[in-house]
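Single-letter residue listing:
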Amino acid sequence: MSEQPATGQTPIDALGLPVVLLSHRGPVSFARSAAGRTAQRGSGGLVTALTGLAGHLPEAVWVCAATSDEDRRIAVEYGDKAVDVALEPAAHISEGDEPGPHLRLRLVDVDPRQHEDFYSVIANPLLWFVQHGLYGLASAPELTRREREAFDTGYAAVNAHFADAVVEQVHAHGGRALVMLHDYHFYLVAERVRRECPRALITHFTHIPWPEPDSWRVLPPDLRERIFRGMLGNDVVAFHTRRFARNFLLGCQELLGLRVDLDAMTVTAGGREVLARYYPISVDVASMEAMMGSDAVQEHLQALDEAFLSDRKMILRVDRTDPSKNIVRGFRAFDTMLGDHPELVGTVRFFALLQPSRQDIPEYFDYIGAIGGVVAEINARHGADAIELRLESDLPLAVAAYSRCDVLMVNALNDGMNLVAKEMVLVNSRGGVLLLSENTGAHEELGEFAITVYPFDIQQQADALYAALTMPAAERQDRLVAAAAVVRHNDVGRWLRRQIRDVLRLPAATDG
Ligand code: GDG
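Fair warning: this is a prediction, and the values are worked out from it, not measured in the lab.

Cut-off values and rules
- Residues numbered from 1 in each chain as written.
- Predicted model: local features only at pLDDT ≥ 70, side-chain atom pairs only at ≥ 80, totals over all residues.
- Heavy atoms only, no water.
- Helix = DSSP H or I, 4+ residues; strand = E, 2+ residues; numbered from the N terminus.
- Rg over C-alpha atoms; globule rule 2.2 N^0.38 Å.
- Buried < 20%, exposed > 50% of the residue type's maximum accessible area, 1.4 Å probe, protein only.
- Contact = heavy atoms within 4.5 Å.
- Areas by Shrake-Rupley, 256 points an atom, 1.4 Å probe, with all protein chains shown as cover.
- Lys, Arg positive; Asp, Glu negative; His and termini not counted.
- Charge placed at Lys NZ, Arg CZ, Asp CG, Glu CD.
- Pairing = 2+ DSSP bridges.
- Near = heavy atom within 4 Å.
- Polar contact = N/O pair within 3.5 Å; in protein donor to acceptor, adjacent residues only side chain to side chain.
- Core = buried A, V, L, I, M, F, W, Y, C linked by side-chain atoms within 4.5 Å.
- Phe/Tyr/Trp six-rings, centres within 6.5 Å; stacked < 30°, edge-to-face > 60°.
- Axes fitted to C-alpha atoms, helices over the stretch in contact; angles between N-to-C directions.
- Parallel < 35°, antiparallel > 145°, perpendicular 65-115°, else oblique.
- Left-handed = near helix turned anticlockwise from the far one by under 90°.
- Nonpolar A, V, L, I, M, F, W, Y, C, P; charged D, E, K, R; others polar.
- Salt bridge = Lys/Arg side-chain N within 4 Å of Asp/Glu carboxyl O.

J.: Looking at this model, I keep getting lost on the overall build of the protein chain. Mind explaining?
T.: Scanning the protein chain from N- to C-terminus turns up 20 helices and 19 strands. Taken over the C-alpha trace, the protein chain has a radius of gyration of 23 Å; the compact-globule value for 512 residues is 24 Å, and the two agree within 12%. With 512 residues in all, the protein chain has 57% of them scored as buried. Sequence separation of 24 or more characterises 75% of the internal contacts of the protein chain that already satisfy a separation of 6 or more. As presented, the protein chain carries roughly 20700 Å² of accessible surface, and 50% of it is formed by carbon and sulfur atoms. One finds the centroid of the 50 positive side-chain charges in the protein chain at a distance of 4 Å from the centroid of its 69 negative side-chain charges.

Okay, here's the thing in structure tokens:
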């Protein structure tokens, strides 16, 4: 089906509605130093993707949390008004008509105790764990009064607070706007926005897996029903894959007893039809290529070439230290592979670039300890530099390593999409082979060009590593080129255009 309306305009040109975006992390965060107010661009898949696109959306306002002290000062200073931010040369609050890309930002200040309950009791530990299947159910979770109270006074209260900020922005545009909500932090926002702004069009994009109905039974009925009912306040609920969209509908059927149509991918609730759709997110090809050409990446590339010499192969992984990424089993597979093929010891190194993540959550804190332990054990067995572990955030280094690696390991237990896999195939120049977990959203697009791995099967991952390291050069190159072509075609601009195309087809889009 064509993405272009008959006029030849893109769906974004044809939208003709102001857009209000909501995500927890925003595109810019501010700080104060002796030199005055400074701004830093946000990181992470969602923010990078949307920052590039937001400038193309009509009258876009981005609502997000104030995360630094300076953000909070700005939130107080500007109240419910949006701040105009120029993104170039360095991001700053714009005082007038400056050329270049701009964003309008509405920073929302949240009471720290409410935020703690919302973020560090419910969203990150509980919802993330349920949706990635991370619980060892014999002992976790233990839901106590703390979690129940945190759901009401943290999660629900913070959702209401952000919903009110969204409502203000919609009202500032006369009550009619496209509202695009993002991720597992905000499942309860849509119903409140719909109540206050019945003429708004509302979509929600979930960046993480949406599991099958039985997984939600970890939560008691009242909590899981509030989440599903909250989502039904949207016009469109969107996911990375067809499987996740289908799981949402099956949950509506089995947990709420609602009527769903699995062919049309709709659910009827309260006399309204809600669409479940899937749009695989992707990367911004142009900015990835621009970064590849930057001085920072080129300097790292030179250092990597020296460290690996021409004859040593590099297995790479780039991940947050999140248990869902399955880092420990990946190292065990490398260990098994070297044990099975001792002739490879000394000819291949594992380069692991891991960004410490969510260290306030005990499971995440312990996970870094487990990673350090297994690396020490393997290096004691196979040589001190068998695995090079870097626990730091350095995007230019990650991009240089994408370009230089011979194998990228992505063996996640569960992953909504996995942008790292897409980024590597785009910039690699050595016939890099992708090892890709069947449980990533990216597997639907890239699985046929990758070696599929099964995340719990360490022997199979070891065999896959060996197969990748010994694959003939021509086959490696063919697979890489084909995978890169898919990413180029299905880039992040297409991800957004397809969503807007579907919004324009909603009956409510023409009701005015
Ligand atoms: C969630 C979902 C979904 C890499 N090294 C550094 C760094 N990166 C960038 C990568 C990539 C992003 O971080 C990671 O994205 P992923 O998709 O791999 O994983 P999550 O962070 O878990 O993202 C995921 C995504 O949302 C989008 O919907 O694909 O499934 O879990 O772009 O290049 N960024 C910084 N420093 C680094 O060292 N700042």
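J.: It is not clear to me how the pairing of strand S1 (residues 19-22) should be interpreted in this structure. Could you clarify?
T.: A regular strand places its side chains so that they alternate between the two faces of the sheet. Residues Val-19 and Leu-21 point to one face of S1 and Val-20 and Leu-22 to the other, with burial holding for every one of them. The pairing of S1 with strand S4 (residues 61-65) spans three bridges and is classified as parallel. Residue pairing for S4: Val-20 is matched across the bridge by Val-61.

J.: Help me understand the site of the ligand, please; the structure alone is not making it clear to me.
T.: In the neighbourhood of the ligand, 22 residues make up the surrounding shell, with His-207, Ser-393, Asp-394, Asp-415 and Glu-423 lying closest. With respect to the ligand, the side chain of Gln-355 contributes an N or O atom lying 3.3 Å from a nitrogen atom. One of the backbone N or O atoms of Met-417 is found 2.8 Å from an oxygen atom in the ligand. For the ligand, whose free accessible area comes to 740 Å², the fraction covered by protein is 88%.

J.: Would you mind going over the environment of His-240 with me for this structure?
T.: You can see His-240 is positioned in the loop between strand S10 (236-239) and helix H9 (242-256). C-alpha of His-240 to C-alpha of Glu-444: the two residues are 204 residues apart in sequence and 9.7 Å apart in space. Among all residues touching His-240, those that are not within four sequence positions of it are Phe-205, Thr-206, His-207, Tyr-278, Tyr-279, Pro-280, Ile-281, Gly-416 and Met-417. Of note is the side chain of His-240, whose polar atom sits 3.0 Å from the backbone oxygen of His-207.

J.: Please explain the nonpolar core as it appears in this structure.
T.: It is characteristic of soluble globular proteins that their nonpolar side chains tend to be buried jointly. Grouped together as the largest cluster of nonpolar side chains are 82 residues, with contacts concentrated most on Leu-178, Leu-316, Phe-351, Tyr-402, Leu-434 and Trp-495. If you tally residues by element for this core, the top one is helix H15 (residues 419-427), at seven residues. Discounting chain neighbours no more than four positions away, the residues touching Leu-434 are Leu-408, Val-410, Ala-421, Met-424, Val-425, Leu-446, Ala-450 and Ile-451.

J.: Help me understand the packing of aromatic side chains, please; the structure alone is not making it clear to me.
T.: The description of two aromatic rings rests on the distance between their centres and on the angle between their planes. All told, the structure shown has 20 aromatic pairs when counted by the stated rule. Relative to Phe-228, the ring of Trp-210 has its centre 5.4 Å away and its plane inclined at 90°; by these criteria the two rings are edge-to-face. Taken as a pair, Trp-210 in the loop between strand S9 (201-205) and helix H7 (213-216) and Phe-228 in helix H8 (residues 221-231) lie far apart in primary sequence, 18 residues in all. Residue Trp-210 is classed as buried on the basis of its relative accessible area of 0%. For the ring pair Phe-331 and Phe-350, a centre distance of 5.0 Å and an interplane angle of 70° mean the geometry is edge-to-face. Of this pair, Phe-331 sits in helix H12 (residues 327-340) while Phe-350 sits in strand S15 (residues 348-355), and the two are 19 residues apart along the sequence. Just as Phe-331 is buried, Phe-350 falls in that class too. Here the aromatic residues Phe-118, Tyr-119, Phe-151, Tyr-155, Phe-162 and Phe-186 are joined through ring pairs into a cluster of three or more.

J.: Got a minute to help me understand the sheet that holds S15 in this structure?
T.: Strands belonging to one sheet form pairs held by backbone hydrogen bonds; the direction of such a pair is parallel or antiparallel. Strand order across the open sheet formed by six strands is S16-S15-S14-S17-S18-S19, with parallel pairing between neighbours. Looking along the sheet, the strands with just one partner apiece sit at the ends: strand S16 (387-391) and strand S19 (451-453). The sheet shows a mean angle of 20° between the axes of neighbouring strands, taken without regard to direction. Sheet topology places strand S17 (residues 407-410) next to strand S18 (residues 433-437); four bridges connect them, and they run parallel. Looking across to S18, one finds that Val-407 is bridged to Val-433. Across the sheet, helix H17 (residues 458-469) is in contact with strand S14 (313-320), S15, S17, S18 and S19; its angle to S19 comes to roughly 165°.

J.: How do you make sense of the sheet that holds S10 when you look at a structure like this?
T.: In spatial order, the strands read S6-S5-S7-S4-S1-S8-S9-S10-S13-S12-S11; together these 11 strands make up an open sheet with mixed pairing. Strands with a single pairing partner mark the edges of an open sheet, and in this sheet they are strand S6 (92-93) and strand S11 (259-261). Across four bridges, strand S5 (residues 83-86) lies against strand S7 (residues 102-108) in antiparallel orientation. In the strand pairing of S7, Val-83 is matched with Leu-105. Lying over the sheet, helix H5 (residues 145-172) contacts S1, S4, S7 and strand S8 (178-182), oriented at roughly 160° with respect to S4.

J.: Teacher, can you tell me more about the packing of helix H11 (residues 295-308) against helix H14 (residues 395-404) here?
T.: Between two packed helices, the angle of one axis relative to the other and the distance separating the axes together describe the packing. Following both chains from N to C, one finds H11 and H14 inclined at 55°, their axes separated by 8 Å at the closest point. Relative to H14, the element H11 lies oblique. Handedness of the crossing formed by H11 with H14: right-handed. Two secondary-structure elements touch here, H11 through Ala-296, Val-297, His-300, Leu-301, Leu-304, Asp-305 and Phe-308 and H14 through Pro-396, Leu-397, Val-399, Ala-400, Ala-401, Ser-403 and Arg-404. Per-class residue counts for the contact of H11 with H14 are 10 nonpolar, two polar and two charged.

J.: Help me understand the pattern of salt bridges in this model?
T.: Side chains carrying opposite charge are able to pair once their charged atoms draw close together. Across all of its chains, the model carries 33 salt bridges by this definition. A salt bridge links Arg-192 to Asp-164; the nearest nitrogen and oxygen atoms lie 2.9 Å apart. Taken together, the residues Arg-192 in helix H6 (residues 189-196) and Asp-164 in helix H5 connect sequence positions 28 residues apart. Accessibility expressed as a relative area gives 28% for Arg-192, which makes it partly exposed. A salt bridge links Asp-406 to Arg-430; its shortest N-O distance comes to 3.1 Å.

J.: How should I be thinking about the environment of Tyr-279 in this particular structure?
T.: Secondary-structure assignment places Tyr-279 in the loop between strand S13 (272-278) and helix H10 (285-292). Take Tyr-279: its relative accessible area is 2%, and that puts it in the buried class. In sequence terms Tyr-279 and Arg-497 are 218 residues apart; their C-alpha atoms lie 9.8 Å from each other. In this structure, Tyr-279 is in contact with Phe-205, Val-236, Ala-238, Phe-239, His-240, Trp-495, Arg-498, Gln-499 and Asp-502, ignoring residues within four places of it in sequence.

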